[in-house]
Amino acid sequence: MRTIDQTTDEVLDLAAAHFKVPRAQLSPEDDFFEKLKIDSLQALELLTRLENHFGVELPDYELQGVSDFRTLAGRIQARL
Amino acid sequence: MLDLTKYDSLGAALRDALDRWPDEVCLIESDRERERARLTYKDFKNSALPLAAALQASGFQAGDRAAIIMTNQSKWLISAYAIFYCGGVLVPLDYKLTAVEHLQLLAHSTARVLVVEYHLWRAIMGQTAFTELRTKTVVVTEAPPNADIAGAQRWEDFHCNSVPEFRERTRKDAACIVYSSGTGGRPKGCVLTHENYLEQCIALTSLYPFWPGVRYLSILPTNHAIDFMVGFIGPFTCGAAVVHLRTLRPEFVRDAFTRYRIAYVSVVPMVLKNLERGLKARFAELPRHKRAMLHALIAVNRALTKSRPNLKLSRMLLPQVHKAFGGELRAMFVGGAFTEPGTLQFFYDLGILVGNGYGLTEAGTAVTLNDFRPFRPDTVGKPLPGMEVRIGDANEDGIGEVLVRSKTVMSHYLNDPEMTAETIIDGWLHTGDVGRIDATGHLQLFGRKKNMIVTAGGKNIYPEDIETVFEGLPVKEFCVFAAGYLWPNDAKLTEEKLVIVVRLEAAQQWTDDLRRDLVGRNRRLPDFKRVSASLLWDRDFPRTASLKIKRGELAQQIRSRTSRDSALTPL
């Protein structure tokens, strides 16, 4: 069973890979809209990628009000 | 389609529609690959009437207000019809607002009933202001079996076998109260009448007809002025069908086009750009010779459709592209915010008609719409039938404020006669948008007179909506402006930005700590509401006798002493 820190790490890895941003530039408290330079639709694409990786289903509303990696990882962790 | 001139209310028109096409499919609800519901008009009626009966049994009367806060799904439309059947006034709230904002608007609208999705209700229950909620009847959808819903009723339990009484309304009665912005200090609740909606429907369906078998894909929220009309009232009064997706993931949206053979869809510029990006990425992946062939065919299509679209020809020349959109797409509509001409032209050249338009909630759904005769992507189209549009105080280039007069213009702002009087003057709606009408009758927009922006997702953001997050910032004073309001001559509708103007204390310096504080507060706002730049001002803000900032005067000072590019520091 993953810890929240492991989950957060994997989220950062996947986000960096999907949006082609250097992994070293990302940290858990970062705002993903700013750091990845994406809009809310692209954030939904990331959600699909995360679902496939973690093997959980994340309804769109899990993103509502969320804009940093750590909180997003928390939403995933709650469903693991 | 029904002859809407014969009806006085949405409830009456929908009631007849349900009886006219009982066996036609009216609603499909899909969640990713799973189809959750497929209803005929008869099924829809049988779902809605027990709900209407339960509402009446709970004391809901004609003229009472009922709010809905849900993502797009069949229960949304069923609830709306049940409310209209009872003669109620619908308050469709944006599910993307925060729970605090939901509570504020429920209080402002004095909604007696609320139909709400479980996860949104859970967020509302968690607020301290929850104890002040006055809404008497709350119906929660999709609540897990053992969940605590604070005394609300479950959708599954909220129905009655008694026959509900249909309550007639007149054309001038309020049909809906639609909030055209977030809340901030002053919620703008547009009171739209049955006449507003019926007239809008007549105008739109005369240009873009629906009929039984036509499928509309509803991805914009039904609470919004566009999809309420084009994804509910329009199709239903014509016997057509609406497809609701429970997710907006691009891959499932793409899939829905093909699976449901979609004829029409409305999007906002953000979604359109996303589609454009996806298509361009797919084109770029093609082997070189295929890509060259594709571009040649696009060029041919563009040349042959210069004066008029030719859907049949375009589908023949570019079959793969059209297949990706299901092969039955007649048109996409885009609105809610400014769309770049380049994006519209990209789709037009592929033979995919993207009809852009201009509207505001205060005037119903759409004021102008492009009719492709010919295609003018540098404009927002021509006034719809029944719309009078003129330019107020036009300068020598014919540019001035866009004024609208029509039967679709709202009645008033709820509980705000002052703002109403400032907005509707001598029967003309003052839109606050700046434009001109060219020689062919097309409207072009250049900016905003109002101090506000509209995001690519179609959201209206007023500085008042967001200033509270900066309260406590250790500076002498601050004020938020739309950049276009400060420098109207440099206004870029493609790049609407919010700017925070800061006046420091006497010996204060602009330090890294201060900047971090500002950025931290900015982050607390949802991404689309954030301020993008700061401006340090070297004078005290002009204020009224009651110490309110004189925004107009401050903006004038800033404008006369600075230029947009030199004055701003990105955050």
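Every value quoted in this text rests on a predicted model; they were computed, and no experiment measured them. (Residues numbered from 1 in each chain as written. Chains lettered and ligands numbered in written order. Predicted model: local features only at pLDDT ≥ 70, side-chain atom pairs only at ≥ 80, totals over all residues.)

1. Points about the sheet that holds strand 28 (residues 569–570) of chain B
Reasoning step 1: Within the open sheet, the 4 strands sit side by side as 25-26-27-28 (chain B). Their pairing is mixed. Edge positions in the sheet fall to strand 25 (477–482) and strand 28 of chain B, since each of these pairs with one other strand and no more. (Pairing = 2+ DSSP bridges. Helix = DSSP H or I, 4+ residues; strand = E, 2+ residues; numbered from the N terminus.)

2. A few points about the interface of chain A and chain B
Reasoning step 1: Across the boundary between the two partners, chain A contributes 13 residues, which contact 15 residues of chain B.
Reasoning step 2: The greatest single-element share of the side of chain A that touches chain B, amounting to 5 residues, is contributed by helix 3 (residues 40–54) of chain A.
Reasoning step 3: For the side of chain A that touches chain B, the residue count by class is 4 nonpolar, 5 polar and 4 charged. (Contact = placed C-beta atoms within 7 Å. Nonpolar A, V, L, I, M, F, W, Y, C, P; charged D, E, K, R; others polar.)

3. Overview of the domain arrangement of chain B
Residues and elements named next belong to chain B.
Reasoning step 1: Here the domain parsing of chain B yields domain 1 (4–266), domain 2 (268–448) and domain 3 (462–570).
Reasoning step 2: In this complex, domain 2 contributes 6 residues to the contact, which on the side of domain 3 involves 7 residues.
Reasoning step 3: Within the side of domain 2 that touches domain 3, the residues separate by chemical class into 3 nonpolar, 1 polar and 2 charged. (Domains from an automatic or database assignment.)

4. Quick word on the sheet that holds strand 10 (residues 215–218) of chain B
Residues and elements named next belong to chain B.
Reasoning step 1: Spatially, 2-1-11-10-12-13-14-15-16 is the arrangement adopted by the 9 strands of the open sheet, whose pairing is mixed. The two strands at the open ends of the sheet, each matched to only one other strand, are strand 2 (34–40) and strand 16 (382–383).
Reasoning step 2: Taken together, the 4 bridges between strand 10 and strand 11 (residues 241–245) define a ladder with parallel strand orientation. What sits directly across from S218, in strand 11, is H244.
Reasoning step 3: Docked against the sheet, helix 3 (residues 74–85) engages strand 1 (25–31), strand 2 and strand 11, running at close to 140° with respect to strand 1.
Reasoning step 4: Relative to strand 11, helix 8 (residues 250–259) is tilted by about 155°, and along the sheet it contacts strand 1, strand 10 and strand 11. (Axes fitted to C-alpha atoms, helices over the stretch in contact; angles between N-to-C directions.)

5. Some remarks on the packing of helix 6 (residues 194–207) of chain B against helix 7 (residues 225–236) of chain B
Two numbers describe a pair of packed helices, the interaxial angle and the distance between the axes.
Residue and element names in this part refer to chain B.
Reasoning step 1: Closest axis-to-axis distance for the helix 6/helix 7 pair is 10 Å, and the angle between their directions is 90°. Comparing their axes, helix 7 and helix 6 come out roughly perpendicular. Between helix 6 and helix 7, the residues in contact are Y197, Q200, C201, L204 and T205 and M229, V230, I233 and G234, respectively.
Reasoning step 2: Taken together, the residues of the contact of helix 6 with helix 7 break down into 6 nonpolar, 3 polar and no charged. (Parallel < 35°, antiparallel > 145°, perpendicular 65-115°, else oblique.)

6. Re the environment of V354(B)
Residue and element names in this part refer to chain B.
Reasoning step 1: Tracing the chain through its elements places V354 in strand 14 (residues 354–358).
Reasoning step 2: Once the C-alpha coordinates of V354 and V265 are considered, the two residues, 89 residues apart in sequence, prove to be 9.5 Å apart.
Reasoning step 3: Those residues in contact with V354, other than ones at most four positions away along the chain, are L272, M332, V334, L344, F347 and Y348.

7. Re the confidence of the model for chain A
Reasoning step 1: Across chain A, pLDDT averages 92, with 100% of residues at or above 70.
Reasoning step 2: The element-level mean pLDDT for chain A is lowest in helix 2 (residues 32–36) of chain A, coming to 90, with helix 1 (residues 4–19) of chain A highest at 95. (pLDDT = per-residue confidence, 0-100.)

8. Topic: the pairing of strand 3 (residues 65–69) of chain B
All names here are of chain B.
Reasoning step 1: The buried fraction of strand 3 amounts to 5 of the 5 residues, a majority that puts the element mostly inside the structure.
Reasoning step 2: Taking every second residue as pointing to the same face, both faces of strand 3 are buried, with R65, A67 and I69 on one and A66 and I68 on the other.
Reasoning step 3: For strand 3 and strand 4 (residues 89–92), the ladder comprises 4 bridges, and the chain directions are parallel. Paired with A66 across the two strands is L90, which belongs to strand 4.
Reasoning step 4: Of the crossover connections in this fold, the one passing from strand 3 over helix 3 to the parallel strand 4 is right-handed.
Reasoning step 5: Summarising the sheet, strand 3 and strand 5 (residues 113–117) pair through 4 bridges and their orientation is parallel. Bridge pairing links I69 to V116 in strand 5. (Buried ≥ 20, exposed ≤ 12 C-beta atoms within 10 Å, placed from the backbone. Right-handed = clockwise from strand over helix to strand, strands pointing away.)

9. A few points about the pairing of strand 12 (residues 264–267) of chain B
Working note: regular strand, side chains alternate between the two faces of the sheet.
All names here are of chain B.
Reasoning step 1: The alternating pattern of strand 12 places Y264 and S266 on one face and V265 and V267 on the opposite face, and all of these are buried.
Reasoning step 2: Where strand 10 lies against strand 12, 2 bridges are found, and the strand directions are parallel. Across the sheet, residue Y216 finds its bridge partner in strand 12, namely Y264.
Reasoning step 3: Bridging between strand 12 and strand 13 (residues 331–334) involves 4 bridges; their strand directions are parallel.

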